[in-house]
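# Coordinate inspection notes
Here is what each chain is made of, one letter per residue.
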Amino acid sequence: MTSTAPPTTDELRARAVTSLHSIGVTLPEGDDLPARTPLTGEHLFVLAAATDADADAAIAAARAAFLTWRTTPAPRRGELVRRLGELLREHKSDLADLVTIEAGKIRSEALGEVQEMIDICDFAVGLSRQLYGRTIASERPGHRLAETWHPLGVVGVISAFNFPAAVWSWNTAVALVCGDTVVWKPSELTPLTSLACDRLLARAAEEAGAPSEVHRLLLGDRAVGERLVDDPRIALVSATGSTRMGRAVGPRVAARFGRSLLELGGNNAAIVAPSADLDLAVPAIVFAAAGTAGQRCTTLRRLIVHRDIADTLIERLAAAYAKLPVGDPFDDTTLVGPLISAAALDAMHEAVTRVQAEGGEILAGGNRRLAGAAPAAAYIEPVLVRVAEQSDVVREETFAPILYVLTYDTLDEAIALHNGVPQGLSSSIFTRDQREAEIFLSAEGSDCGIANVNIGTSGAEIGGAFGGEKDTGGGRESGSDAWKAYMRSATNTVSYATELSLAQGVSFL
Ligand code: UN1
C-alpha cells in the first residue's frame with residue numbers, strides 16, 4: 001500500500017484557522033504553549049499557557065458560579081447542555097477538523113468523536129429530569145426516609161490528547177446538569193480543540209442565559225493540572241490519562257479528602273474461541289487494534305486465540321494488516337493516521353524490540369511510512385506480533401498499535417491470561433457458544449469494567465458507564481448512573497409522628 005502524504009503545515013494552519021473562526025475562537029497569542037499537528041509534526045501556532053494567577057482566578061470564578069448554579073433547577077441546567085448539543089451539531093465538521101489536525105484521527109473517527117459529544121449532551125439533557133433519589137421504608141411509624149442528590153461543587157477535568165473533546169464532554173455535560181461547575185485542564189497537545197469546545201460552551205451559556213463562569217479552560221502543562229489536584233475548592237478531580245498520572249493524582253486528592261474519578265490505562269484483550277464467527281471477528285479485531293492508530297485507552301492490545309484456529313485467524317489478520325492504508329488522516333481512504341509524537345514512535349519501537357528479543361514473531365507491519373514527506377511526523381504500520389507468553393512488555397500498556405497474539409487450550413487458561421495484567425478497562429470474547437460467553441461475563445470471567453461479546457474492546461456507546469478496575473483506576477464516567485460521582489447524596493429522615501421514636505429500639509427519657 002502506498003501512503004497519502006499529509007497536507008503541508010501551512011495548509012493545515014489555514015484549515016485550523018477556518019474552523020476556529022467559524023466556531024468563534026480568538027487564539028490567546030503567547031510564547032509558551034505550542035499548538036502542533038502530528039500530521040506533519042510541526043508547530044501551527046504558539047499560544048499562551050495559563051499562569052498560576054489565571055488558575056486561581058478560574059477556580060475562584062467557577063466556585064462563585066457554583067453557588068448560583070447549584071440552585072438553578074436541573075431541567076433549566078439541561079437547557080444549557082441542550083444548546084451545547086445543538087452547537088456541536090452545527091459545528092460538527094469544524095470541530096472534527098481540529099481533532100484530526102491535533103490528534104491525527106481519520107475523518108470518520110474525528111466525526112465519531114463529535115457525535116459522541118452530541119450523544120452525551122442528549123443523554124445529559126434527559127438526565128436533567130431524572131436525578132432520582134430513592135424513598136426508603138422506615139422502621140419507625142410516621143417516618144419517611146429519603147435520599148436526596150445535591151450538586152457537589154467545582155469539577156476539575158483533566159483530559160488526554162487521544163479524545164481531546166469527547167472525554168471533556170462526558171464530564172462536562174453530566175457535571176453541568178448535576179449543578180456543578182467545571183475547570184478544564186486539557187492535554188497540552190490539543191489546545192486548539194479545547195479552545196473550540198470552551199468557545200462553543202460559552203456561546204451556549206450566553207444563548208441559554210447561564211452564567212459564563214460555569215466553565216473555565218486552563219491551557220498549560222502538568223503544573224496547571226497539579227493546581228486542580230491540590231486545590232480544596234475542587235470537589236472532584238476527574239482525570240483521564242496514564243496509570244502513572246493516576247498514581248500521582250489519586251493519593252494527592254485523597255489526602256485532602258477530595259474525590260477523584262480516574263480513567264487510566266488499559267491493556268485490553270479479546271478471547272477468540274473455536275466457534276467464533278471469523279468474518280465478524282476479523283474486522284472487529286482490526287478496528288479495535290489498529291483504529292485510532294492504537295491510541296485509545298480501549299484499544300485492543302492482546303488477542304488470546306484458541307490453538308485450533310490460531311493459524312487461520314493469524315493468516316486472515318496478517319492479510320488485513322498488510323492492506324491497511326496508513327497516511328494522511330484527511331484522505332478518505334486512510335484508516336490509520338499518525339502517532340501523536342516521535343516519543344510515541346520511540347516507545348512503540350522499544351516495545352517491539354523487547355518483544356522480538358524475547359522471541360516474539362512479527363506477523364505484519366512495523367515499517368515507518370512517509371519519513372521522507374513528513375520527517376517530523378510518526379506514521380507507522382500497525383504491528384501484529386505472536387508471543388509465546390505474557391511477558392512484562394505484554395503486560396504493560398504501550399500507547400501504539402501493537403497487537404500481541406497469544407494462544408490457549410482451555411477457557412480457564414484464556415481467562416487467566418486475560419485477567420493476568422495490572423489493568424482492567426475493556427475486554428471481549430468472540431464465541432458462538434453461549435456458555436462460554438456467559439462465563440466470560442460472570443463473576444469468574446473478565447475482571448474489566450467493560451466486557452463485550454462478539455464486538456471489539458473499543459468504541460463504547462455513551463449510554464453505558466465507562467471505566468475500569470485495577471490499575472485503570474476504578475472510575476465510571478458517561479452514562480448509566482455515573483452521574484452519581486458528580487453529586488453528593490444526603491439521607492433524610494423525616495418524622496410526621498406525634499411521638500418521638502428512636503431507631504434500633506433505643507429508649508431514652
Ligand atoms: C479513551 O480512549 O480515553 O470506547 C476513551 C471508546 C470511546 C472512548 C475512548 N467511546 O473507545
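Please read all numbers here as calculations on a predicted model, not as lab measurements. (Residues numbered from 1 in each chain as written. Predicted model: local features only at pLDDT ≥ 70, side-chain atom pairs only at ≥ 80, totals over all residues.)

### Re the UniProt feature "domain: Aldehyde dehydrogenase" (unreviewed entry) in the chain
In the UniProt entry, the feature "domain: Aldehyde dehydrogenase" (unreviewed entry) is given for residues 32-489. With 41% helix and 22% strand, residues 32-489 has its two end C-alpha atoms placed 42 Å apart. (UniProt positions renumbered as here; feature names shortened; annotations may be inferred. Helix = DSSP H or I, 4+ residues; strand = E, 2+ residues; numbered from the N terminus.)

### Side note on the site of the ligand
Around the ligand sit Glu-116, Asn-162, Phe-163, Val-167, Thr-240, Arg-296, Cys-297, Thr-298, Ser-458, Gly-459 and Ala-460, and those are all the residues in its vicinity. Its residues assigned to classes, the shell around the ligand comprises four nonpolar, five polar and two charged. The residue makeup of the shell around the ligand includes at least three contributed by each of domain 1 (9-264 + 476-489) and domain 2 (268-466). (Near = placed C-beta within 6 Å. Nonpolar A, V, L, I, M, F, W, Y, C, P; charged D, E, K, R; others polar. Domains from an automatic or database assignment.)

### Here we look at the packing of helix α3 (residues 74-90) against helix α5 (residues 107-127)
Relative orientation of the contacting elements α3 and α5 amounts to 155°, with a least axis distance of 9 Å. By the criterion of interaxial angle, the relationship of α3 to α5 is roughly antiparallel. Crossing hand, α3 versus α5: left-handed. Of the residues in α5, those in contact with Gly-78, Val-81, Arg-82, Leu-84, Gly-85, Leu-88 and Arg-89 of α3 are Val-114, Met-117, Ile-118, Cys-121, Asp-122, Ala-124 and Val-125. (Axes fitted to C-alpha atoms, helices over the stretch in contact; angles between N-to-C directions. Parallel < 35°, antiparallel > 145°, perpendicular 65-115°, else oblique. Left-handed = near helix turned anticlockwise from the far one by under 90°. Contact = placed C-beta atoms within 7 Å.)

### Concerning helix α11 (residues 307-322)
An α-helical turn contains 3.6 residues, so any two residues separated by three or four positions project in the same direction. When the terminal C-alpha atoms of α11 are compared, their 23 Å separation across 16 residues agrees well with the 22 Å that a helix rising 1.5 Å per residue should span. Taken as a whole, α11 carries its principal kink of about 25° at Leu-313. Looking only at α11, the buried set comprises Leu-313, Leu-317 and Tyr-321. In this structure, the buried side of α11 is in contact with β10 (268-272), α10 (278-290), β11 (300-306), β12 (361-364) and β15 (383-386). (Expected span 1.5 Å × (residues − 1). Bend = angle between axes of the 7 residues up to and from the residue. Buried ≥ 20, exposed ≤ 12 C-beta atoms within 10 Å, placed from the backbone.)

### Thoughts on the UniProt feature "active site" (unreviewed entry) in the chain
Mapped onto this numbering, the UniProt entry annotates "active site" (unreviewed entry) at Glu-263. Ignoring anything within four residues of it in the chain, the contact list for Glu-263 reads Thr-240, Cys-297, Gly-467, Gly-473, Gly-475 and Glu-477.

### Examining unusual backbone geometry
With a phi angle near 55°, Lys-470 is a residue other than glycine that sits in the positive phi range. Locating Lys-470 in the fold gives a position in strand β21 (residues 469-470). Here the phi dihedral of Ser-478 falls at roughly 75°; this positive angle occurs in a residue that is not glycine. With respect to the helices and strands, Ser-478 occurs in strand β22 (residues 477-478). The exposure class assigned to Ser-478 is buried, which follows from the 27 C-beta atoms found within 10 Å.

### Points about the packing of helix α1 (residues 9-23) against helix α7 (residues 191-208)
Contact geometry of α1 with α7 gives a least axis separation of 9 Å together with a crossing angle of 15°. Here α1 is positioned roughly parallel relative to α7, judged by the angle of their axes. Considering how the two elements wind past one another, α1 and α7 form a crossing that is left-handed. Packed against α1, whose contacting residues are Ala-16, Leu-20 and Ile-23, the element α7 presents Leu-192, Ala-196, Arg-199 and Leu-200 at the interface. Among the residues making up the contact of α1 with α7, the classes are represented as six nonpolar, no polar and one charged.

### Topic: the pairing of β11
Of all seven residues that make up β11, seven are buried, and the element is covered over most of its length. Bridging between β10 and β11 involves five bridges; their strand directions are parallel. Looking at β11, one finds that Val-272 is bridged to Val-305. Remark: the β10/α10/β11 crossover connection has right-handed handedness. In terms of strand pairing, β11 meets strand β16 (residues 402-408) through five bridges, oriented parallel. Within the sheet, the bridge partner assigned to Arg-302 lies in β16 and is Tyr-404. (Pairing = 2+ DSSP bridges. Right-handed = clockwise from strand over helix to strand, strands pointing away.)

### A few points about the sheet that holds strand β7 (residues 215-217)
Taken in spatial order, the five strands line up as β7-β6-β5-β8-β9 in an open sheet, and their pairing is parallel. A strand with exactly one partner marks an edge of an open sheet, and here the two such strands are β7 and β9 (259-263). Here the average twist between neighbouring strands, direction ignored, is 15°. Two elements, strand β5 (residues 154-158) and strand β8 (residues 234-240), share five bridges in a ladder whose sense is parallel.

### Overview of the environment of Ser-187
Following the sequence through the fold, Ser-187 ends up in the loop between β6 (181-185) and α7. Contact partners of Ser-187, with chain neighbours within four places excluded, come to Ser-159, Ala-160, Phe-161 and Pro-164.

### Remarks on the environment of Leu-217
Mapped onto the elements of the fold, Leu-217 is located in strand β7. Residues Leu-217 and Ile-59 lie 158 residues apart in sequence; the distance between their C-alpha atoms is 9.9 Å. Not counting chain neighbours up to four residues away, the residues in contact with Leu-217 comprise Trp-184, Ser-194, Leu-195 and Asp-198.

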